[in-house]
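Given next are the chains, with one letter for each unit.
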Amino acid sequence: MSEHLIEMSGLGKTYQMGDSKVHALREVDLTIDEGEFVAIMGPSGSGKSTLMNMIGCLDRPSRGLWRLNGEEIGSLSDDNLAEIRNRTVGFIFQNFNLLSRSTALKNVELPLLYRGLNRHQRTELATQALEKVGLGNRVHHKPKELSGGQQQRVAIARALVGDPKIILADEPTGNLDSRSGLEIMALLQDLNQQGRTLIMVTHDPAIAEQCRRVVRLLDGKVVSDQLNAHPVLAKERLAKLPPADTEVSI
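Rules and cut-offs
Residues numbered from 1 in each chain as written. Predicted model: local features only at pLDDT ≥ 70, side-chain atom pairs only at ≥ 80, totals over all residues. Heavy atoms only, no water. Helix = DSSP H or I, 4+ residues; strand = E, 2+ residues; numbered from the N terminus. Contact = heavy atoms within 4.5 Å. Polar contact = N/O pair within 3.5 Å; in protein donor to acceptor, adjacent residues only side chain to side chain. Phe/Tyr/Trp six-rings, centres within 6.5 Å; stacked < 30°, edge-to-face > 60°. Buried < 20%, exposed > 50% of the residue type's maximum accessible area, 1.4 Å probe, protein only. Pairing = 2+ DSSP bridges. Axes fitted to C-alpha atoms, helices over the stretch in contact; angles between N-to-C directions.

Caption draft 1: Highlighting the environment of Glu-72. Residue placement: Glu-72 occurs in strand β5 (residues 71-72). Sequence separation between Glu-72 and Glu-7 is 65 residues, and the spatial gap between their C-alpha atoms is 9.4 Å. When residues no more than four places from it in sequence are discounted, the contact partners of Glu-72 are Leu-65, Trp-66 and Arg-67. At a separation of 3.2 Å, a polar atom in the side chain of Glu-72 contacts the main-chain amide nitrogen of Gly-74.

Structure, rendered in structure tokens:
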């Protein structure tokens, strides 16, 4: 069994686009251990989204080794991939991806439906997840009744509710103002301090410097992989901002 949570070696992904082949990933070697907070950066077309889809078990490699928690992923069936995805990975999206007609509670319960939990179990776990992100008093609010930052907190609670090994965040602050973005980063840093493994795609160097490791892609290849010994603390940046109109719990 691999000692790494994520292990990729010689990983490649090629798409057939008409008569042309697009090499989205080329010979990617990457390992990530439990408890890391990794930013994945790169320009458009660098392979960030393809790599995230691979880590999230949404796609398979064309070649190379891909192990998740010691299990070879590349040859698994769609059903097996879906099961691993549901139990191992929590997703956070730039656009929140919430059901507009459902309450925060119902949105957070959604991943638990696929596990066959009864209503009482779903409600209890979803309520606890919302309390962890500071929205214990917003469980019955619908997305339109919440600010952007609060909607992203609902999305984070939804990612957490199944107790996944990995949380994948795709530009989680991209649709937020600077204060809300820092509040979300503070929350993510707190989760990482609690032992959560976070992998985040971002184009923003100011966001990446708040992570403990930065992996850069270019043309489908890893061109740099650097540890950040002293990541910027979002709470410290928040403390330097003028007082907000309304207080938000971190």
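On we go.
Caption draft 2: Representation of the packing of aromatic side chains in the model. Enumeration over the complete set of coordinates arrives at one aromatic pair. Their ring planes at 5 degrees and their centres at 6.1 Å tell us that Phe-91 and Phe-93 sit as a pair that is stacked. On the basis of relative accessibility, which here comes to 18%, the residue Phe-91 falls in the buried class. According to the relative accessible area criterion, Phe-93 is partly exposed, its value standing at 29%.

Caption draft 3: Quick peek at the sheet that holds strand β2 (residues 20-32). Pairing in this open sheet of four strands is antiparallel, and the strands run β2-β1-β4-β5 from one edge to the other. Edge strands, defined here as strands with exactly one partner in the open sheet, are β2 and β5. Contacts from helix α1 (residues 48-55) reach β1 (6-17), β2 and β4 (63-68) within the one sheet, and its direction differs from that of β1 by about 120 degrees.

Caption draft 4: How the structure looks around the sheet that holds strand β7 (residues 166-170). The six strands are arranged β6-β7-β8-β3-β9-β10 in an open sheet whose pairing can be described as mixed. Looking at which strands have only one partner, the edges of the open sheet turn out to be β6 (89-92) and β10 (221-227). The average angle at which neighbouring strand axes cross in this sheet is 20 degrees, direction not considered. Where helix α6 (residues 178-193) meets the sheet, it contacts β3 (37-41), β6 and β8 (197-201), and its direction lies at approximately 145 degrees from that of β8.

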